[in-house]
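Coordinates in review
These are the residues of each chain, in order.
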Amino acid sequence: MRVNSTIAQLWATADRPGVRAFFLSIAALGVALLLALYSGAAAEIGHRALSIAAALAALLVAAWVAITMVPILAKRTPLRWLGYKMEYRITREGWIYIGGIIVVALAALNTGNNLLFLILASLIAIILMSGILSSITLTGIAMRLELPEHIFAGQTVRAQVDLANEKVTLPSFSLRVEAVTTKKSPAAALLETPVYFPYVPKRQHVRQSVPLTFVRRGAYRQDMFRIVTRFPFGFLQKARRVELRTEAQVYPSVEPSRDFLEILPALQGALESLSKGGGHDLYALRGYVPTDSARYVHWKASARTGTLMVREFTREDDCRVLLVLDPHVSDPTVGLHTSPLANASERFERAVALCASIAWHFFERNAQLQFRSAGLETALAAAEDNIFAILWHLALAQPLPADPQHELLSDLAASPDLFKVIVTSQPRGSIPATLWHSSYVVFLEDLDS
């Protein structure tokens, strides 16, 4: 019953025109074989004309199959599986096994014992069978890698590695997926830890979750992956490369850094004093949940109740902020307070990280946020509408040479009604005087001291 159900299932999912063409081709080639045999027999008994006629008929039938049936079958054959480029490597166990074969071969040649020759043939057959089975395991396997939409530097995310077995009848065993790094590719690969799949059923897919951590912001790209197997005996490691162009855009970390915590009190005070209607209006006290920030904990109320209590504030719809990242980097040796170990690249990375933390801070406060830097200027809108456009730009931002004219900062004077937060790695004296009354400027050289 099980065999009948399997056959019925295969017939229901089969390509029926292709199956018909296959069996018709087999029948026609069988007729051509019989005609060829008849032609040979007729030639032996002296019927030369009959022999020639049978041979021509056999050739015509074979030609008809080649012209009409073969193209139909070729269109339905997954020839891409035959074009897989395989990589081979003999494992340590394989070398030991080959050494044993050599010992048995020498003993068989020296003694002429038929039993040793039989054993030698069996050992060689196992090697051949291992190669065939490993090739079958690797063919028909498709791979897909899915990454989260938003990735932050320093945070662990879960990626999904999906293997699909496109073979109709056979499963695949013991597959390992790993990234391929070349001399031209970056040192850090997207998939640093191999992912193991013990079993992939036929016509099904298996998915595994993989933790990934990106240390630095920026664009990560992986063009090639490798599917490896040592099935069935472990004597031979066979691998197939899969071209799968995968890109990941890693945002800067938005966790409160030391620089952000240092400027936060002064930033809040400047916002309340320079922005009309600014400030924090207490709405209510409630219990602490794990997603709450520690800076909103009301310690006096927590001490009275014995449980952590956090403050809730009214939404500050009138909080309108223009966040500016100045990407122009000056000479790192300029400034009296510059650390001797600081350099232009490190200071720019600190500026980007600080800018990301400030943007996320105003996003959590539901503020009206606008961002401006070289190459990007967003419209003034709710922070939730443009926060990821800002983080995307910060992920790819690169330092620019010093601008003696300070064009980016000079244009900010055209927005006197917005509270401006300017993050710059340039020294003091680079900010136009017209901005001081409506801006809070973060000089990284002050944070170095």
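Please read these numbers as outputs of a predicted model, since none were measured by experiment. (Residues numbered from 1 in each chain as written. Predicted model: local features only at pLDDT ≥ 70, side-chain atom pairs only at ≥ 80, totals over all residues. Heavy atoms only, no water.)

**A word on the overall build of the protein**
To be explicit about the condition: Per the convention used, a helix needs a DSSP run of H or I reaching at least four residues, while a strand needs a run of E reaching at least two, with both numbered from the N terminus. Note on classification: 1.4 Å probe, protein chains only; a residue is buried when its accessible area is under 20% of the maximum for its type, exposed when over 50%, partly exposed between these limits. The criterion used for residue contact is that any of the two residues' heavy atoms lie within 4.5 Å. All accessible-area figures derive from a Shrake-Rupley calculation using a 1.4 Å probe, and residue coverage is judged against the displayed protein chains alone.
Along its length, the protein carries 11 helices and 17 strands. Counting every position in the protein, which comprises 449 residues, the buried fraction comes to 39%. A sequence separation of at least 24 residues applies to 68% of the contacts in the protein between residues at least 6 apart. For the protein, the exposed area adds up to about 25,400 Å²; of that, 62% sits on carbon and sulfur atoms.

**Quick look at the environment of leucine 325**
Summarising the element assignment, leucine 325 is placed in strand 12 (residues 320–326). Separated by 26 residues in sequence, leucine 325 and alanine 351 place their C-alpha atoms 7.5 Å apart.

**Focus: the pattern of salt bridges**
Between side chains of opposite charge, a pair can form as their charged atoms come close. Where we set the bar: Salt-bridge detection follows one rule: a side-chain nitrogen of Lys or Arg within 4 Å of a carboxyl oxygen of Asp or Glu.
Taken as a whole, this structure holds 15 salt bridges when the rule is applied. In this structure, the salt-bridge partner of glutamate 93 is arginine 230, at a minimum N-O distance of 2.9 Å. With glutamate 93 in helix 4 (residues 92–111) and arginine 230 in the loop between strand 8 (218–229) and strand 9 (236–251), this pair connects stretches of sequence that are 137 residues apart. On the basis of relative accessible area, arginine 230 is assigned to the partly exposed category, the value being 32%. For arginine 258, the salt bridge goes to aspartate 259, with nearest N and O atoms at 3.8 Å. Among the residues examined, arginine 258 registers a relative accessible area of 53% and is labelled exposed. Connected via shared salt-bridge partners are Glu87, Arg176, Glu178, Arg226 and Arg241.

**A look at the nonpolar core**
Where a protein is soluble and globular, its nonpolar side chains tend to be buried together. Rules: To define a nonpolar core, start from buried Ala, Val, Leu, Ile, Met, Phe, Trp, Tyr and Cys residues and group those joined through side-chain atoms within 4.5 Å.
By size, the foremost hydrophobic cluster in this structure holds 39 residues, and its most contacted members are Leu323, Leu354, Ile358, Phe362, Leu391, Leu394 and Val421. If you list the elements that add at least two residues to this core, you get helix 6 (258–274), strand 12, helix 8 (344–364), strand 13 (368–373), helix 9 (383–396), strand 16 (419–424) and strand 17 (439–443). The element best represented in this core is helix 8, accounting for 10 residues. Discounting residues that sit within four places of it in the chain, leucine 323 has contacts with Cys355, Ile358, Ala359, Leu369, Gln370, Phe371, Arg372 and Val421.

**With respect to unusual backbone geometry**
Excluding glycine, residues mostly have negative phi values, and the peptide bonds linking residues are mostly trans. The step from phenylalanine 231 to proline 232 runs through a cis peptide bond, and the omega angle for that step is 5°. With respect to the helices, strands and loops of the structure, proline 232 is situated in the loop between strand 8 and strand 9. Unlike most non-glycine residues, serine 174 shows phi in positive territory, near 50°. In this fold, serine 174 is placed in strand 5 (residues 172–179). Its identity is not glycine, yet asparagine 366 carries a phi of approximately 60°, on the positive side. When you line up the elements, asparagine 366 lands in the loop between helix 8 and strand 13. For asparagine 366, a relative accessible area of 34% puts it in the partly exposed group.

**Here we look at the side chain of glutamate 178**
Where we set the bar: Under the rule applied, a polar contact is a pair of N or O atoms within 3.5 Å (in protein, one hydrogen donor and one hydrogen acceptor; residues adjacent in sequence only if both atoms are side-chain atoms).
For glutamate 178, the location among the structural elements is in strand 5. One polar contact links glutamate 178 to arginine 176, side chain to side chain, over a distance of 3.4 Å. Not counting the four nearest positions on each side in its chain, glutamate 178 is found in contact with Leu191, Pro194, Phe225, Arg226 and Val228.

**Comments concerning the environment of tryptophan 64**
Inspection of the secondary structure puts tryptophan 64 in helix 3 (residues 48–75). When its relative accessible area of 39% is taken as the criterion, tryptophan 64 is described as partly exposed. Along the backbone, tryptophan 64 and serine 25 are 39 residues apart, and their C-alpha atoms lie at a distance of 9.3 Å. Aside from chain neighbours lying at most four places away, what touches tryptophan 64 is Leu24, Ala28 and Met69.

**Observations concerning the packing of helix 8 against helix 9**
The following threshold applies: Only the stretch in contact is used when a helix axis is fitted, and all axes are lines through C-alpha atoms; the angle between N-to-C directions ranges over 0 to 180 degrees. Roughly parallel means an angle under 35 degrees; roughly antiparallel, over 145; roughly perpendicular, 65 to 115; everything else is oblique. Residue polarity is assigned by list, with Asp, Glu, Lys and Arg as charged and Ala, Val, Leu, Ile, Met, Phe, Trp, Tyr, Cys and Pro as nonpolar; anything else, Gly included, falls into the polar class.
Packing of helix 8 against helix 9 leaves a shortest axis separation of 10 Å and a crossing angle of 170°. Judged by the inter-axis angle, helix 8 sits roughly antiparallel to helix 9. Across from Val352, Cys355, Ala356, Ala359, Trp360, Phe362 and Phe363 in helix 8, the residues of helix 9 making contact are Ala383, Glu384, Ile387, Ile390, Leu391 and Leu394. Taken together, the residues of the contact of helix 8 with helix 9 sort by class into 12 nonpolar, no polar and one charged.

**Quick look at the side chain of serine 357**
By the secondary structure assignment, serine 357 is in helix 8. Classification of serine 357 as buried rests on a relative accessible area of 4%. Those residues in contact with serine 357, other than ones at most four positions away along the chain, are Ser253, Val254, Glu255, Ser257 and Phe260.

**Digging into the packing of helix 4 against helix 5 (residues 114–138)**
Rules: Handedness of a crossing follows from how the near helix is turned relative to the far one, being left-handed for an anticlockwise turn of less than a right angle and right-handed for a clockwise one.
Taken N-terminus to C-terminus, the directions of helix 4 and helix 5 make an angle of 155°; their axes are 9 Å apart at the nearest point. Classed by the angle they form, the pair helix 4 and helix 5 counts as roughly antiparallel. Helix 5 is crossed by helix 4, and the crossing has left-handed handedness. Contacts from Tyr97, Ile101, Val104, Ala105, Ala107, Ala108, Leu109 and Thr111 in helix 4 reach Leu116, Phe117, Ile119, Leu120, Leu123, Ile124, Ile126 and Ile127 in helix 5. Here the residues of the contact of helix 4 with helix 5 are counted per class, giving 15 nonpolar, one polar and no charged.

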